[in-house]
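Survey of secondary and tertiary structure
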Amino acid sequence: MLPETLKSEIVELTSHYPHARAALVPALRAAQRDLGWLGKETQTEVASLLGITALEVHEVVSFYPMLYDKPVGRHVIHVCRTLSCDACGGKELWKHLESKLGVTRGGTTADGRFTLMSAECLASCGTAPVLLLDNERHENLSHAQVDKLLEAAR
Amino acid sequence: MITLSINGRKVEVQPGTTVIEAASAIGIEIPHYCYHKDIGVDGNCRMCLVQVGANTRKLQISCMIPCSEGMDVQTESPAVIKARKGVLEFLLINHPLDCTICDQAGECPLQDYTYRFGPGDSRFTEHKQNKPKTVEFSDQVMFDGERCILCTRCVRFFETVRHEKPLGVENMGGKSLITLGPNGPLTDPYQMNIIDICPVGALTSRDFRFKQRVWFMDFADTVCPGCSRGCNITAGAYQGKLLRFVPRRNPEVNKSWMCDDGRLSYKQYNLDERVRGAHIAGEPAETGAALARVSELVGDGNGVAVLASTKNTCEELYALKAWAGHAGIALLWHGAASWAGDDFLKLPDATPNTAGAQGLGFVPVPGNRPRLRGLIVAGDVAVPPALLADLDFVVLQAPVAGMLGAAASVLLPGRTALEKKGTWINAQGLVQRIRPALDAGPGVPEDWTLWRDLHGGHWPTLQHLQSEMARVAGASGGKVEQAAQPAGSRP
Amino acid sequence: MSALTESRVISARFGKPQSWTLASYRADGGYETFLSVLKTKKPDEVIAEVKASGLKGRGGAGFSTGMKWSFVPKGTTKPVYLCVNGDESEPGTFKDRQIVEMDPHQLLEGVGITCFAIGAHTAYVYLRCEFAEGLRKVGAAIKEAYAAGLFGKNIGGSGFDLDVHLHMGAGAYICGEETSLLNSIEGVRPYPRNKPPFPAVEGLFGCPTIINNVETIANIPHIMKRGAAWHAGLGHKEDPGSRLWCVSGHVNKPGVYELETGYSLQALIDGLCGGMRRGKKLKCVIPGGSSSRVLTADEVRTVTMDVPCMKRVNSSLGSAGIIVLDESVDMVDAVLNLMKFYAHESCGQCTPCREGSPWLVKILSRIAHGQGRPQDLELILDIADNMEGRTVCALADGACWPLISILTKFRHEFQAKIDAAARSGAAGAPTGVRAPAGAH
């Protein structure tokens, strides 16, 4: 069951549009923020709040990289892999994270703490390399800074 | 009207006509996958690209663009030919090319267009992408994600024709996949239509899968006998056995669709046992002797009625009427509302020619039973038991004898709806031609010849009979020649 | 070559304390233009002014903004919408993010004026969800604007009503394509739509809709404040304006620089950007976001950053994302990186892009891994030829332009790998199992 606060947040979102369905992506992001990921039941509940079918929600969830239809770790890391970052330390940052966390792309650490994902251009090319930790941007990262970030994320 | 030029040929069209429609109207076929006459335009396959004017870089999709005055369209310019070849190559690189075991082979636009427009060899040497195969969409429909070219006709069929959404597309880019998603199996009673409109072998009929290569089969363009809608179909048979019905496009009757019940009803026309030759009191007899016995039983016709099945053709009913009317026999018809209709194609009258019987003056079985001494049952019909009480004799003319045949004084052979030639008139009054998909074999003459011979034998051929019908003003036979549109390509 | 200095218009307030608050914005005269436009101008006059300013869209396609606005059907009975495109995800581009983080009210004032001009009473500001900070800042700014009576009913007593909503995406580059963005807002799969109908006639929820980039809208208050002539006089006369240029890659001082059009690219690299990192030599520049055609070091020396010059060298200013690469860059790796981007971001709707872009990745991966074949380069160019101009939207074009230009201008690097593969006997070895001869 979706928490009541989330439900009322979604209902409020629908008031921004002439059709409730338009609140779908923001609603799913809100649900994901609160629940970590978007399971089948969550998708079905969001569907019924917006008056659409679970399949219509699934079509959208499965499209967007930033909507997760599988469980993720407590913290999600997105490392930018696109050209400017790649050319300015992104490649090395990725390798560092893979070996530090012991997972490959999309993997979650055994303790469930981190999920490591790559992302396409995060619009921070001037401050490469860049990653998002739980959707917050961290720029110009040395490996030592990354280690500190991970340390702080319990 | 708008005048444009396609491949240098002038064509005049109504405003709003698309280029693909205008081309089709003058016999220029523009290959396409996602566009479908009865589900509309989507624009994803890019197969119908044409050149408009001199711009060879930005080609346009002919399914989408409306004709405009003075437009100069090229469907065979070097740029178009190359683009088409390119699209086909793209469609083929991840396609499994398992035509050898694919049921679509032989009636596959991916094969056909590749043969006509495609590259002759492959430049793709990488791993093909793997996707789910043998996915059971339902008891009737099997899905192969690798064969799928993502034209989304199936998804759009449900959306635009059935106004429901059991199928969707999941994932993005090259990983895109047609899916049931969280839905259970397909339940729609028209779901099997997606098999026909699938331009590749991604959706196959679990009933027909691996039964036969289509090029070994025989096909007849005919009409579904299942109800009074009269959906146009192509019946496919192999070595005297029906293997499938598929809908045949008729914009006025069924568009490109038919119901799954009608589609699967082909099975009932593959008879294991049937009446061959005439029988008198259960014993085989010469047809002439049997007919003489019928005349003798009928006598002056008083107290005798014909009960005609509304699966009979207009021609059969006409011949029957000619004899029975002359012999003073009452003309009754009886259908069998054996199924409920629905809000789409399926009508409650589960026989194809009630309108024909009515038009020829046959009357329904009356509520208060007429006093009868004899009944002649013509064709496959469930006789109301009340009608059979206290009879001196019954004559049955039908493909299958059943209980009634065993009790009949005279038993005459009959053909099934899939063995007949002639016409039916559907519920909307449209005269439609039916053609035999199966040969009835020995001892089963055309039904109408029995009534002709009883009557004393005009009409050497069916054509003679039809000409006479056409001459008889007022009789429904006057509409005989307005048959459904000729068999086109598969929907 | 004279040293470049920044011409800070859009970025004038970046870096000021609390630059994102309403108090700070109003202290600098913010929203005065909006309120005065509401009182003194007619919508058509605003459109005419913006047309005359020569402002072109800053999202990448560079279409005249005033012209676009004028396509909204006059006297339409349907609601009109404004969508602000802040899905910034063109590789190399990071200017809109700075606007929404550092001066969201500048954007919102532009939203107000634009809505008044096009007759919209509802606007959606679409930001990609990765802009956590931008979402917070714009969200707060919208609240402030409502509280101050700058949005809502009867703004400033003018009788003009306006609702502004924040909408977020979920990480798909394709949503930056304007009709895909509309589908994204509507909550369906964000496939680009076939055009016509164009969004100005039939857009969001089937109603007339204008979609403008964040930076484009941020320009509007300045144009209305200082006049069309002022704007038309900035930079190159055929492509006027002051733009935010995003420099990334191998320069000492990457970042966003605001300059009038028509400056020398080499001067930007050598001057404001502090030259090449670690004293390395420049190899090439992708000048307008990853979808523009690459310029070699020799070309970079000659070009000025304006549309006419970019046309001459067959490239484009696009989204002003300038990616500078030095001699250490392996161009096969670089183009493979970009093709992976496009293959990942292809929505999958059109056959050529859905199938072609992953195929290109496979071939380029093979070449990069020392398994290239002599015929691969012609094959790549031909695949690109079969993709470009064959799809609903420009994503496939955007993939092909850097690819074709990099392959053409740095062909020797590809050839060297292929030759090495031939010598080692690894040519053509998979990535894939070879299909049987004659098979597809």
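Attention here is on the structure that accompanies the text. (Residues numbered from 1 in each chain as written. Chains lettered and ligands numbered in written order. Predicted model: local features only at pLDDT ≥ 70, side-chain atom pairs only at ≥ 80, totals over all residues. Heavy atoms only, no water.)

1. Things to note about the pattern of salt bridges
Residue and element names in this part refer to chain C. For the coordinates displayed, the defined rule picks out 65 salt bridges over all chains. Its salt-bridge partner being R97, residue E101 comes within 3.3 Å of it at the nearest N-O pair. You can see E101 and its partner R97 sitting in helix α5 (residues 96–102), 4 residues apart, about one turn around the helix. Judged by its relative accessible area of 9%, E101 falls in the buried class. Here K137 ties to E133 by a salt bridge, and the two come within 2.6 Å at their closest N and O atoms. (Salt bridge = Lys/Arg side-chain N within 4 Å of Asp/Glu carboxyl O. Helix = DSSP H or I, 4+ residues; strand = E, 2+ residues; numbered from the N terminus. Buried < 20%, exposed > 50% of the residue type's maximum accessible area, 1.4 Å probe, protein only.)

2. Topic: the sheet that holds strand β10 (residues 203–205) of chain B
Residue and element names in this part refer to chain B. Reading across from one edge, β6-β7-β10 is the order of the 3 strands in this open sheet, with antiparallel pairing throughout. Lying at the two open borders of the sheet, with one neighbouring strand each, are β6 (135–136) and β10. Of the strand pairs in this sheet, β6 and strand β7 (residues 141–143) are connected by 2 bridges, and their pairing is antiparallel. Following the sheet pairing, V135 is matched in β7 by F143. (Pairing = 2+ DSSP bridges.)

3. Focus on the environment of Q375(C)
By the element assignment, Q375(C) lies in the loop between α15 (351–368) and α16 (376–387). For the pair Q375(C) and E238(C), spaced 137 residues apart in the sequence, the C-alpha separation amounts to 43 Å.

4. What about the environment of S77(B)?
All names here are of chain B. Checked against the element boundaries, S77 lands in the loop between β5 (72–74) and α2 (78–93). Look at S77 and you get buried, because its relative accessible area is 7%. C-alpha of S77 to C-alpha of T56: the two residues are 21 residues apart in sequence and 8.9 Å apart in space.

5. A word on the interface of chain C and chain B
By convention, interface size is frequently given as the accessible area that disappears when the constituent parts associate. The interface of chain C with chain B comprises 39 residues on the first partner and 44 residues on the second. For the chain C and chain B pair, buried surface summed over both sides reaches about 3700 Å², with 50% attributable to carbon and sulfur atoms. Seen at the junction of chain C and chain B, the total is 5 salt bridges. D385(C) serves as the salt-bridge partner of K82(B), at 2.8 Å between the closest nitrogen and oxygen. For the pair chain C and chain B, the number of links is 22 residue pairs in polar contact (both at pLDDT 80 or more). Of all the secondary structure elements, the ones that give two or more residues to the side of chain C that touches chain B are α14 (331–345), α15 and α16 of chain C. With 9 residues, the top contributor of residues to the side of chain C that touches chain B is α15(C). (Contact = heavy atoms within 4.5 Å. Buried area = accessible area lost by both parts, 1.4 Å probe. Polar contact = N/O pair within 3.5 Å; in protein donor to acceptor, adjacent residues only side chain to side chain.)

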